[in-house]
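Chain residues, written in single-letter form:
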Amino acid sequence: MSSRRILCAALFALAGAAPAMAADHEIRIGEINSYSRIPAFTEPYRRGWRLALEEIEAAGGIRGRKLVVIDRDDAGKPANAVRIAEELVRGEGVVLLMGGFFSNVGLALSDFARRYRVLYLATEPLSDALVWSKGHRYTFRLRPSTWMQAHMLAAAAAGLPARRWATVAPNYAYGKDAVAAFREILQGLRPEVTFVAEQWPPLFKIDAGVVVRALAAADPEAIYNVTFGSDLAEFVREGRLRGLFEGRTVVSLLTGEPEYLEPLGAEAPEGWIVTGYPWDAVDTPEHRRFREAYERRWGEHPYMGSLVGYTAMKAVAALLEKAPDLDTETLVDTLEGLEFDSPVGRIRFRALDHQSTMGTWVGRLAVRDGRPVMVDWRYADGADHLPPDEVVRRLRPAE
Amino acid sequence: MSLLEVRGLTRHYGGVRAVHRLSFDLAAGEVCALIGPNGAGKSTCFALLSGLERPDAGRVRFAGTDITGLPPQRILRLGLARTFQIPAVFSSLDALDNVRAALLARAGLDFALLPRRLRPLADEARALLARVGLEELADRPAATLAYGDRKRLELAMALAHRPRLLLLDEPTAGLALGERFALVDELLAIVRAHRLAVLFTEHDMDVVFRIADRVMVMDHGELIAIGTPAEIRAHPRVRAVYLRGGALDDAETSP
Amino acid sequence: MGFFLVQFLTGLASASALFLVAAGLTLVFGVTRIVNFAHGSLAMLGAYLAWALVGVLPAGPLGWWGGILVAALAVALFGLLVEVVVLRRVYGAPEIFQLATTFGLALLIEDLVRVLFGPADRLGPRPPGLAGTVILLGEPMPTYDLFLVFVGPAVLGLLWALARRTRFGVLVRAASEDREMAAALGVDERRLFSAVFALGAFLAGLGGALQLPRETLHLEMDLEVIVEVFLVTVLGGMGSIPGAFLAAVLIRELEAFGILLFPRITLVLAFLVMAVVLVVRPQGLLGETETGSGPDPRLLRPLRPAGSRARLATALLVGLLVLLPWLVPPYGLVLATDVMVFALYAASLHLLLGPAGLVSFGHAAYFGLGAYGAALAVDRLGLGTFPALALAVAAATLGALLFGAVARRLAGVYFAMLSLAFAAILWATAVQWDELTGGDDGILGVWPDPRLSPLVVWYELVLVLTVLALVLLRTLIFAPFGLALRAVRDHPVRAATLGLRPGALRVAVLAVAGALAGLAGGLHAFAKGSVFPDVLHVARSVEGLVAVLLGGLHGAGAGPVIGAAVFVLLEDWASRLPWWRTVVGGTILLVTVAMPEGITGGLARLAGRWRRRVREAEG
Ligand SMILES: Nc1ncnc2c1ncn2[C@@H]1O[C@H](COP(=O)(O)OP(=O)(O)OP(=O)(O)O)[C@@H](O)[C@H]1O
Ligand SMILES: [Mg+2]
């Protein structure tokens, strides 16, 4: 071991740590998402927030300052997300963090945010814990949570004759929350319902043939599905092939979102009751304006990811416009109760639990001209699918 | 009482009778050669005696203890050390550390965690190196030593445990003629000085007849003759095995 | 009854595709002795190629089957290219270099697939004519699965015929059974190796392509496949094709029926079976015993204690590191902490790879045990930082002792594969035993005690612990214990006949390495405030290997530290690039192929040359 060698290493170490600080004429925010792990959602998501960012830029920035987004890929790994968050906050000087797709990433970022007192706006992660059991001052969430979407679906499921139910969900935070919420709400509405089987395939590692066989063996009258992405595609294919869905109603989270629905093509299972996004049929003026702008900018129709990304960036812009300064505590105080306009209408971040009132669409799957679509849909406003305030207050730990 | 008692020692590999019903005795201080053509089972016999292989049948007693099937470490502790046909040294260590490594177990230091505990071993290691004529090469990595020096080094390592019986598997193979006899003479001096018993295999009949008190001949795993060098030379079966006796006659006529 | 029959056949169908890929790996291993980490990547490439080809070829049976076949052939061609350009250079190298080289290849291939086919998940169409189901004893069974049930045995039969009935087969068998003899028979080794590798790649590509209608293609397939395939080949016996078939069937049936009994431990089950089999039959179900490969020629230089200049330089560096908080911005300190934790991890691995000569391919096991030990101590037991760290060390040590007790007699590739399996079991446990570990959600809120939590304090603590641990490691290596280890590594048989106990020494060194890796894991948990199953993942094990190889295998501690620093900084920089895998993979290839002595070795060589030139200029 020679001294030269050691000095080389030391210099290398120092060089890697060069500071990068924000200039005064710009506001930096950090965006962390699973761009390489679930591009079907996150690529449209990125296009969504880019579109919003360009609109903000065109309107002269945030009170004359340029809004700069530093976006990073966490590859779907919470450990990566935490590392990147550390880098963005300590190295890049961002004023807030946003993003996250997987619930475990969201929860990890939320833990980081609490620890380092940084504002974190969870855009997609659906885990209830994020704003309830593990909620805290520094984390907010945009999308309707697992509980809210399960509530929307359970309301529909309660109207079905089925009493013997089975569930299939990926074995991580989101899947577990989604099943627990659905069971609780459905059994609350119909106490005679029983759950006869549950399958927990590891996320994105489903052995669909075997899972389908195991579900069929329990012979449920209806099935509640939480799998998505590649797991969903395999589950649907094997389930159809093996007749699992014949004579059974399936109630399924998120399956109506074009990012998951379109890959199924003509194999999409008709009749499933789903939450999703009928992008071509929603015809409010604010949504039409968003859809046209998006199609003009990117040459493709919007996906749910596009809508979430766009809305999230608009929320951030509304926050930064309104906040008197960029201190985290000020930002949090401002975001509590903040209202802003979005393609789905006016949304509010509840001061009570930091959950936004953004809703989603509930409908049935159908195949039209070989293309899967949502029919008989309605927009379910998030505000209508939340537990009473005193329940929420009990769910949230005391600060 | 003899130092080593071998009774019915047997080891088969599949259909090959590598060692078959081998029985012999060895007295303390005796120098005995084990000869036989390639594949006769000499190295396997050594592996059985030193605990590297378990016999299929038979018993071995060493210094009054039954050592059949004991692990090599236990057998060594009783005073039976060995060298290998292809010199087995620790290539990445220098010569001194090779001997120190050989001394570790005897000194009970093999799990010692402080570097300075190695220091007291240096003197003894150097003495052992000197005994085989390697003191000049103490700092040389074993991998860079000449073949003959590696054989010497191995001998020093085997001596580190102050054995009563040395098994030497072809101690002079691969050495040049002059070097061969130098090594044999040194060996003989050491053996006599410490009253060591030696069992060695050897293809060079000159070496065998020069130092062996007694010679054993193996063929196809079996012992076919035991006797003094003179008896062995005259033994008809041995002559037959050694291709018309050529090798034996050569040995007779060489200086 | 029908239910069980169909479940059984479904298991067989999955086994077929797995067997194809595994047969390729085991064939290549049998002949070239290379454990190809990129074999799963070849399967992935085959699957994506098939997806693309089936998409562009005219619909219909011809297009579909043509697409599958052409994809497999293309992978064979690609494999040939890889063999000629890269693998040829590492045939003689020790196992770890081969593993690292092929891991680098895996990273490159993943980026290649990403560029060619995009990052999105793909599900291929079903083959025309085999898209439906048939009813067996009243249960629906997909016809394609039924077809796959026959593919495995058919390929097994073809490979058998190839081995017994053709000249190529005779040569392959000769080369796998006795290399010297094959050489004596006048076998042209280069061409034979190339051909075998191409055949192995073909099988991988075919196995991947045939999964097209059953499995969604995604970019993490490569690692997923390779871990399963390792499992199958080791379980079946490295180099044994019938063994691979048997093991594939065993694993898949175990999963098919295990999911009915224990739906939540399917991942653990398979690895558990493998561990049990290896303990009873270290060479796998149908494998031949393998004598460990000889000592690594790159290590055949004596270690020398540091000279006074190096000591001075080290002291200066440590002094500089103590002052670092006042020299760099906070993020620099975060990075420096990462570097030190990783250096400790790499150094503990280096103790095994270098002085002890044990190819640990699952070192993440101890890192992860430490990380989870610390996290659970905080989360469940409410312990403070130091007791939690102690528990981290204890958990990892215990794990190492357990593994050592099982693996003490194994050598070479088998040791490597069992260590991989051990880490995989722990990883699967962490993923599936979510009541304890939180599963994929991990354990959050693992922050150090308030008085330790300011960044500067934490950094200095990590610095002190790391330096102490490294000093301890270095001391050990030069102590009698280290000498005994090196002796055992160089020649275990010789060591045993000199009274040293290779088994006990191995267990002891595993315990030490495990303890230090556990400490690194515990520090990591506190530094990040959270623990996820990725601390146990095979990628983490490989990262450690890469850091050690980057630094240089030879030496007594400086190498892994430098390697870790370079690796962490390289990764930190490269992870911002979309093609970071190419950067990291390329670096690995460069080091293993062009600079096998690592950075320390390479620099030492340059320094030697420079000194010589100076001397010549003076003289
Ligand atoms: N591990 C083994 N497995 C199978 N066969 C073996 C093994 N070891 C030795 N043999 C066989 O046993 C027989 C005896 O071999 P051994 O090495 O003991 O002979 P040797 O007398 O030492 O020969 P040489 O003079 O060539 O050293 C040979 O036929 C050999 O092939
Ligand atoms: Mg021999």
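Just so you know, these numbers come straight off a predicted model, no measurement behind them.

Q: Even after reading the chapter, I still don't get the pairing of strand 11 (residues 339-342) of chain A, so can you show me in this structure?
A: Within a regular beta strand, the side chains point alternately toward one face of the sheet and then the other, so they alternate between its two faces. Residues and elements named next belong to chain A. Across the two faces of strand 11 the burial differs, with Phe340 and Ser342 buried and Glu339 and Asp341 not buried at all. The pairing of strand 11 with strand 12 (residues 345-348) spans four bridges and is antiparallel. Within strand 12, the residue paired with Glu339 across the bridge is Arg348. In textbook terms, the turn of a hairpin is the stretch between consecutive antiparallel strands, and for strand 11 and strand 12 this stretch comprises two residues.

Q: Is there a simple way to explain the packing of aromatic side chains in this structure?
A: When we look at a pair of aromatic rings, we describe it by the centre distance and by the angle of the planes. Across all of its chains, the model carries 43 aromatic pairs over all chains by this definition. Seen in terms of ring centroids, Phe101 of chain A and Phe102 of chain A are 4.8 Å apart; in terms of plane orientation they differ by 85°. Their pairing is edge-to-face. For Phe101 of chain A, a relative accessible area of 6% translates into the label buried. Here the aromatic residues Phe41, Tyr45, Phe101, Phe102, Tyr174, Phe204, Phe228 and Tyr260 of chain A are joined through ring pairs into a cluster of three or more. Sitting above the plane of the Trp298 of chain A ring, Arg297 of chain A keeps its charged end 4.0 Å from the centroid. Residue placement shows Arg82 of chain B over the ring face of Phe84 of chain B; its charged tip is 3.9 Å from the ring centre.

Q: Hey, could you run me through the domain arrangement of chain C in this one?
A: The figure often quoted for interface size is the accessible area lost as the parts come together. All names here are of chain C. One can read the domain layout of chain C as domain 1 (9-219) and domain 2 (320-537). Computed over C-alpha atoms only, the centres of domain 1 and domain 2 are separated by 36 Å. Across the boundary between the two partners, domain 1 contributes six residues, which contact six residues of domain 2. Overall, the association of domain 1 and domain 2 removes approximately 570 Å² of surface from exposure, summing both partners, and the carbon and sulfur fraction of that is 90%. In this structure, the connection of domain 1 to domain 2 is made through zero salt bridges. On the surface where domain 1 and domain 2 come into contact, there are zero residue pairs in polar contact (both at pLDDT 80 or more). A total of three residues in the side of domain 1 that touches domain 2 trace back to one element, the largest contributor, which is helix 4 (residues 95-117). Looking at the side of domain 1 that touches domain 2 residue by residue, the classes come out as five nonpolar, no polar and one charged.

Q: Before we go on, may I ask you to explain the pattern of salt bridges in this structure?
A: Working definition: two side chains of opposite charge can pair if their charged atoms are close together. Evaluated as defined, the whole model comprises 60 salt bridges over all chains. One salt bridge in this structure joins Arg137 of chain A and Asp333 of chain A, with 3.0 Å as the shortest N-O distance. Taken together, the positions of Arg137 of chain A in the loop between strand 4 (119-122) and strand 5 (139-141) and Asp333 of chain A in helix 12 (residues 328-335) put the pair 196 residues apart, joining distant regions of the chain. For Arg137 of chain A, a relative accessible area of 21% corresponds to the partly exposed category. Assessed through its relative accessible area of 46%, Asp333 of chain A is described here as partly exposed. In this structure, Glu83 of chain C engages Arg88 of chain C in a salt bridge whose closest nitrogen and oxygen atoms are separated by 3.7 Å. A residue is classified by how much of its surface remains accessible, and Arg88 of chain C, at 24% relative accessible area, is partly exposed.

Q: Got a minute to help me understand the coordination of the magnesium ion (ligand 2) in this structure?
A: As a benchmark, a tetrahedral metal site with four donors has ideal angles of 109.5 degrees, while an octahedral site with six donors has ideal angles of 90 or 180 degrees. Residue and element names in this part refer to chain B. Taken together, the protein ligands of the magnesium ion (ligand 2) are Ser43 (OG) and Gln85 (OE1), with distances of 1.9 to 2.2 Å. Here Gln85 lies in the loop between strand 6 (80-82) and helix 3 (95-107) and Ser43 lies in helix 1 (residues 42-49), a separation of 42 residues in the sequence. Residue Gln85 is classed as partly exposed on the basis of its relative accessible area, which comes to 33%.

Basis of the calculations
Residues numbered from 1 in each chain as written. Chains lettered and ligands numbered in written order. Predicted model: local features only at pLDDT ≥ 70, side-chain atom pairs only at ≥ 80, totals over all residues. Heavy atoms only, no water. Buried < 20%, exposed > 50% of the residue type's maximum accessible area, 1.4 Å probe, protein only. Helix = DSSP H or I, 4+ residues; strand = E, 2+ residues; numbered from the N terminus. Pairing = 2+ DSSP bridges. Phe/Tyr/Trp six-rings, centres within 6.5 Å; stacked < 30°, edge-to-face > 60°. Lys NZ or Arg CZ within 6 Å of the ring centre and 35° of its normal. Domains from an automatic or database assignment. Contact = heavy atoms within 4.5 Å. Buried area = accessible area lost by both parts, 1.4 Å probe. Salt bridge = Lys/Arg side-chain N within 4 Å of Asp/Glu carboxyl O. Polar contact = N/O pair within 3.5 Å; in protein donor to acceptor, adjacent residues only side chain to side chain. Nonpolar A, V, L, I, M, F, W, Y, C, P; charged D, E, K, R; others polar. Donors = N, O, S within 2.8 Å, 3.2 Å for Na, K, Ca; no water.

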